[in-house]
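Descriptive analysis of the structure
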Amino acid sequence: MKKQPTPLDSSDNLLTPKITPCVQLTHPLFDKYKVQVWVKLDYLNHPEIQGNKLHKLKYNLLDAVERGAEQLITFGGAYSNHIAATAAAANEIGLPVTGVIRGQELEQHPEKWSHTLKHAQQNSMQFLFINRKNYRLKHQAPQVIEWLKQHPKSFVIPEGGSNDLAIKGFDEMCAQITQQMPDWTHLYCPVGTGGTLAGLIANCRHPKNIQISPAGQKRLPTVLKNIIGIAVLNEADYLRKDIQSWIETFENKRENENKNNKKIKIDWQLITNATGGGYGKISNYLKSFQKRFEQTFNLPLDPIYTAKLFHGIYKQIVQKKLPADSKVLVLHTGGLQGNKK
Ligand SMILES: Cc1ncc(COP(=O)(O)O)c(C=O)c1O
């Protein structure tokens, strides 16, 4: 039986991310190039609404409940981490959810469904399968327009969950980072739609509710900081505009709310030439890199986002793109549900 929607507020357990650890990876290669590499194990923040998904969904769910939405609708492919996470979150708070899934052919062939779809269905997600051409139209697709007419009190969460509310949702996690490791010099994350990268930039520049130790305070303004996104899809240069626009919206709002808001100077860049052939493309070379990495550091990766992320960072290190004494912090965004068959 479907659970009744529970009233949510920002103190709810689901929406208050656990403090996840930052651990150091040690390897002779890092010593050779004189860099420290640390990982924020953010995938440990929730068993199902893992890593960046929890942050992106947080204020979207709060907004949906506040507006009295009767159901959610969102978009994704058959292996989408966002579909898996939204199904789990909606189930946890008792809101019905429909996933608009790319690939009409799957409708008649549940035996071909991925683990992601099967598990989302167990979490009570309903599906609307649409063909690839219409999928590109998202909420303008004829089936989606019809569905929205029939369900007028719906809350639409975009593909990948990236919107202004998602950007804001990285507040707690960035406050954690600022407290745990105030002297990081390079912070890396993988990039699909760019929401996570924008969320990191916006919230690390304007950390929320943090009490930095006096030592950290002193170090903060003097360290040159860079946030770097590694794109996992080809031709991702267009994302810079979206990312910049999300950051500006966030910063304008923050300045209106608090004129004395202190801003930490942080530069950012998007690397678009480490996609390993494009979204979902996994070469034998990448597979073996992932395997060696997992064995060496005893850290699980997914091939779509985090393996490409670490491979991109490895390339930056050996190509001497990082100055000596850099303190690299890598955000492990999760995606491990995608490893299940
Ligand atoms: C595990 C994982 N890491 C990173 C990303 C990329 O995040 P974004 O779409 O916000 O760029 C995604 C997709 O949302 C993801 O599932």
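For the structure itself, look to the data block above.
Here's what I pulled together on the structure shown here. Please read all numbers here as calculations on a predicted model, not as lab measurements.

Basis of the calculations
- Residues numbered from 1 in each chain as written.
- Predicted model: local features only at pLDDT ≥ 70, side-chain atom pairs only at ≥ 80, totals over all residues.
- Heavy atoms only, no water.
- Axes fitted to C-alpha atoms, helices over the stretch in contact; angles between N-to-C directions.
- Helix = DSSP H or I, 4+ residues; strand = E, 2+ residues; numbered from the N terminus.
- Parallel < 35°, antiparallel > 145°, perpendicular 65-115°, else oblique.
- Contact = heavy atoms within 4.5 Å.
- Nonpolar A, V, L, I, M, F, W, Y, C, P; charged D, E, K, R; others polar.
- Phe/Tyr/Trp six-rings, centres within 6.5 Å; stacked < 30°, edge-to-face > 60°.
- Buried < 20%, exposed > 50% of the residue type's maximum accessible area, 1.4 Å probe, protein only.
- Lys NZ or Arg CZ within 6 Å of the ring centre and 35° of its normal.
- Core = buried A, V, L, I, M, F, W, Y, C linked by side-chain atoms within 4.5 Å.
- Expected span 1.5 Å × (residues − 1).
- Pairing = 2+ DSSP bridges.
- Near = heavy atom within 4 Å.
- Polar contact = N/O pair within 3.5 Å; in protein donor to acceptor, adjacent residues only side chain to side chain.
- Areas by Shrake-Rupley, 256 points an atom, 1.4 Å probe, with all protein chains shown as cover.

1. Some details on the packing of helix H12 (residues 284–297) against helix H13 (residues 306–318)
For the pair H12 and H13, interaxial distance at closest approach is 10 Å and the crossing angle is 85°. With respect to each other, H12 and H13 are oriented roughly perpendicular. Residues Tyr285, Leu286, Phe289, Gln290 and Phe293 of H12 touch H13, and the partners they reach there are Ala307, Lys308, Phe310, His311 and Tyr314. When its residues are assigned to classes, the contact of H12 with H13 shows seven nonpolar, two polar and one charged.

2. Topic: the packing of aromatic side chains
Under the defined criterion, the tally for this structure stands at nine aromatic pairs. Between Phe293 and Phe297, the ring centres sit 4.8 Å apart and the planes meet at 55°, which makes this aromatic pair tilted. Here the residue Phe293 and the residue Phe297 both occupy positions in helix H12, the gap between them amounting to four residues, near one helical turn. The interplanar angle of 40° and the centroid separation of 4.5 Å between the aromatic rings of Phe293 and Phe310 together place this pair among those described as tilted. With Phe293 in helix H12 and Phe310 in helix H13, this pair connects stretches of sequence that are 17 residues apart. On the basis of relative accessibility, which here comes to 7%, the residue Phe293 falls in the buried class. An aromatic cluster of at least three residues, connected via ring pairs, comprises Phe30, Phe289, Phe293, Phe297, Phe310 and Tyr314. One Lys or Arg, Arg102, reaches over the ring of Tyr135 and ends 5.1 Å from the middle of that ring.

3. Brief notes about the nonpolar core
Counting 33 residues, the largest nonpolar core has Trp184, Leu197, Leu200, Ile227 and Ile243 as the members making the most contacts within it. Of all the secondary structure elements, the ones that give two or more residues to this core are helix H8 (171–180), strand E7 (186–191), helix H9 (195–205), strand E8 (225–231), helix H11 (239–257), strand E9 (266–271) and strand E10 (326–331). In terms of residue count, H9 provides more of this core than any other element does, six residues in total. If sequence neighbours within four positions are ignored, Ile227 has contacts with Trp184, Leu187, Leu197, Leu200, Ile201, Cys204, Ile266, Asp267, Trp268 and Gln269.

4. Digging into H13
For H13, spanning 13 residues, the distance from its first C-alpha to its last is 18 Å, which sits close to the expected 18 Å at 1.5 Å a residue. Extensive coverage of H13 is indicated by the burial of 10 of its 13 residues. Along H13, the residues that are buried comprise Thr306, Ala307, Lys308, Leu309, Phe310, His311, Gly312, Ile313, Gln316 and Ile317.

5. Quick look at the environment of Leu29
Mapped onto the secondary structure, Leu29 falls in helix H1 (residues 28–32). Sequence separation between Leu29 and Leu336 is 307 residues; the distance between their C-alpha atoms is 26 Å. With near-sequence residues (within four places) excluded, Leu29 lies in contact with Tyr314, Ile317 and Val318.

6. Let's talk about the sheet that holds strand E5 (residues 126–130)
On the basis of which strands lie adjacent, the open sheet formed by four strands has the order E5-E4-E3-E6 and parallel pairing. Of all strands in the sheet, those with a lone pairing partner are E5 and strand E6 (154–156), marking the two edges. Between one strand axis and the next, the sheet turns through 25° on average, direction left out of account. Judged from the five bridges that link them, strand E4 (residues 97–102) and E5 form a sheet pairing that is parallel. Bridge pairing links Ile101 to Phe129 in E5. With respect to the sheet, helix H3 (residues 81–93) is in contact with strand E3 (71–76) and E4, its orientation differing from that of E3 by roughly 165°.

7. Re the site of the ligand
Neighbouring the ligand are 16 residues; Lys53, Lys56, Thr193, Thr196 and Thr333 lie closest to it. Here an oxygen atom of the ligand and a side-chain polar atom of Asn52 are 3.2 Å apart. Between an oxygen atom of the ligand and a main-chain N or O atom of Gly192, the distance comes to 2.7 Å. Protein chains shield 97% of the accessible area of the ligand, which is 380 Å² for the free molecule. Elements that contribute at least two residues to the shell around the ligand include exactly helix H2 (52–66), E7 and H9.

8. Some words on the pairing of strand E2 (residues 35–40)
Across the six residues that make up E2, a large majority, five, are buried. Of the pairings in the sheet, the one linking strand E1 (residues 22–25) to E2 comprises four bridges and is antiparallel in character. Residue pairing in the sheet places Gln24 in a bridge with Trp38 of E2. Pairing of E2 with E10 involves six bridges; the strand directions are parallel. Paired with Lys40 across the strands is Leu331, a residue of E10.

9. Topic: H8
Judged by how many residues are buried, H8 sits mostly within the fold: seven of 10 residues are covered. If you check which residues of H8 are buried, you get Asp171, Met173, Cys174, Ala175, Gln176, Ile177 and Thr178.

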